[in-house]
Amino acid sequence: MEFVRVKYANNKLINAEIKEHREIIEEYTEKKGYQYVGFIPVVFGPSGKTLEADLLFQKPEKKEKVEHPASAPAEKAEPAKSEKK
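Residues numbered from 1 in each chain as written. Predicted model: local features only at pLDDT ≥ 70, side-chain atom pairs only at ≥ 80, totals over all residues. Heavy atoms only, no water.

Draft legend 1. Expanded view of the environment of Ala16. Mapping Ala16 onto the fold places it in strand E3 (residues 16-17). By relative accessible area, which is 19% here, Ala16 ends up buried. With 29 residues separating them in the primary sequence, Ala16 and Gly45 have C-alpha atoms 9.8 Å apart. The residues contacting Ala16, other than those within four sequence positions of it, are Tyr8, Ala9, Asn10, Lys49 and Thr50. (Helix = DSSP H or I, 4+ residues; strand = E, 2+ residues; numbered from the N terminus. Buried < 20%, exposed > 50% of the residue type's maximum accessible area, 1.4 Å probe, protein only. Contact = heavy atoms within 4.5 Å.)

What follows is the structure, given as structure tokens:
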């Protein structure tokens, strides 16, 4: 798991705004091969406004290729041996 801290541009009279989050998400997902998982607010102002957050990324799990029995190549069957008496 990878955490990237972003700080909001805080205006004391109105909203706090974040600007660089899209560039960070694009960098990690398109260039570094991570998946964006979500965010966690980590610093709040006295009024409860979010001032900093961690963006969460993770590397995708490598899936093992599981072959379905129906798609597996058929094995060559040996001809049955007949017994003569």
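There's plenty left to go through after this.
Draft legend 2. A look at the sheet that holds strand E4 (residues 35-44). With antiparallel pairing, three strands are arranged side by side in an open sheet as E1-E5-E4. On the outer flanks of this sheet lie strand E1 (2-7) and E4, each paired with one strand and no other. The average undirected angle you get between the axes of adjacent strands in this sheet is 25°. Two strands pair when backbone bridges link them, and E4 and strand E5 (residues 50-58) are joined in this way by eight bridges, in the antiparallel orientation. Looking at the pairing, Phe44 lines up with Thr50 of E5. (Pairing = 2+ DSSP bridges. Axes fitted to C-alpha atoms, helices over the stretch in contact; angles between N-to-C directions.)

Draft legend 3. Representation of the nonpolar core. The biggest cluster of nonpolar side chains holds nine residues, and these are Val4, Val6, Ile18, Ile24, Tyr28, Tyr34, Ala53, Leu55 and Phe57. Not counting the four nearest positions on each side in its chain, Tyr34 is found in contact with Glu2, Tyr28, Thr29, Phe57, Gln58, Lys59 and Pro60. (Core = buried A, V, L, I, M, F, W, Y, C linked by side-chain atoms within 4.5 Å.)

Nothing here speaks to function; it is all geometry.
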